[in-house]
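Residues per chain are reported as follows:
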Amino acid sequence: TWDIDLESDTVTCSPEMLRLWGVDPEAFDGNREILQSKVHPSDRQLMVDAINDAIARRAIYEFEYRIHPSPGQTTWVLSRGRCTFP
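Reference entry: report on the structure contained in this document. As the structure is a computational prediction, the values presented were derived from the model and not from experiment.

**Looking at the nonpolar core**
- Grouped together as the largest cluster of nonpolar side chains are 18 residues, with contacts concentrated most on Cys13, Trp21, Phe28, Leu35, Met47, Tyr61 and Tyr65.
- Setting aside residues up to four positions removed in sequence, Tyr65 forms contacts with Trp21, Val39, Asp43, Met47, Thr75, Trp76, Val77 and Ser79.

**Considerations on helix α3 (residues 41-57)**
- Under the 1.5 Å per step criterion, the end-to-end length of α3 is 25 Å for 17 residues, consistent within 8% with the ideal 24 Å.
- Taken together, the buried positions of α3 are occupied by Asp43, Met47, Val48, Ile51 and Ala54. Seen along its axis, α3 keeps its buried residues to an arc of 140°; they face one direction. In α3, those exposed residues whose orientation departs by more than 90 degrees from the buried face are Ala56 and Arg57.

**Here's the deal with the side chain of Lys38**
- With respect to the helices, strands and loops of the structure, Lys38 is situated in the loop between α2 (32-36) and α3.
- Buried within the structure, Lys38 lacks any salt-bridge partner; Asp24 is the closest side chain of opposite charge, at an N-O distance of 11 Å.
- For Lys38, the side chain forms a polar contact with the main-chain oxygen of Gly22, separated by 3.3 Å.
- When near neighbours in sequence (up to four residues on either side) are disregarded, Lys38 contacts Trp21, Gly22, Val23, Arg66, Ile67, His68 and Pro69.

Reading guide: rules and limits
- Residues numbered from 1 in each chain as written.
- Predicted model: local features only at pLDDT ≥ 70, side-chain atom pairs only at ≥ 80, totals over all residues.
- Heavy atoms only, no water.
- Core = buried A, V, L, I, M, F, W, Y, C linked by side-chain atoms within 4.5 Å.
- Buried < 20%, exposed > 50% of the residue type's maximum accessible area, 1.4 Å probe, protein only.
- Contact = heavy atoms within 4.5 Å.
- Helix = DSSP H or I, 4+ residues; strand = E, 2+ residues; numbered from the N terminus.
- Expected span 1.5 Å × (residues − 1).
- Arc of directions from axis to C-beta.
- Lys, Arg positive; Asp, Glu negative; His and termini not counted.
- Salt bridge = Lys/Arg side-chain N within 4 Å of Asp/Glu carboxyl O.
- Polar contact = N/O pair within 3.5 Å; in protein donor to acceptor, adjacent residues only side chain to side chain.

What follows is the structure, encoded as structure tokens:
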């Protein structure tokens, strides 16, 4: 699971998600760019656009894309979310 804090532009992720993405949970500082760097280059901007669109429309986010948890490894992920605002 993950959450984006729009005010601080940081991400909070479950340890399981970080391990799936090849990120050390102990070292992750919430920087979105760390996660975005793991997304396949052809999918990266599409993913960012899908998240930003869901935020702007306060809509459900769903997107399937490739990540590179480690060099030479490609994994498909399906990410779903819902925007909530106070």
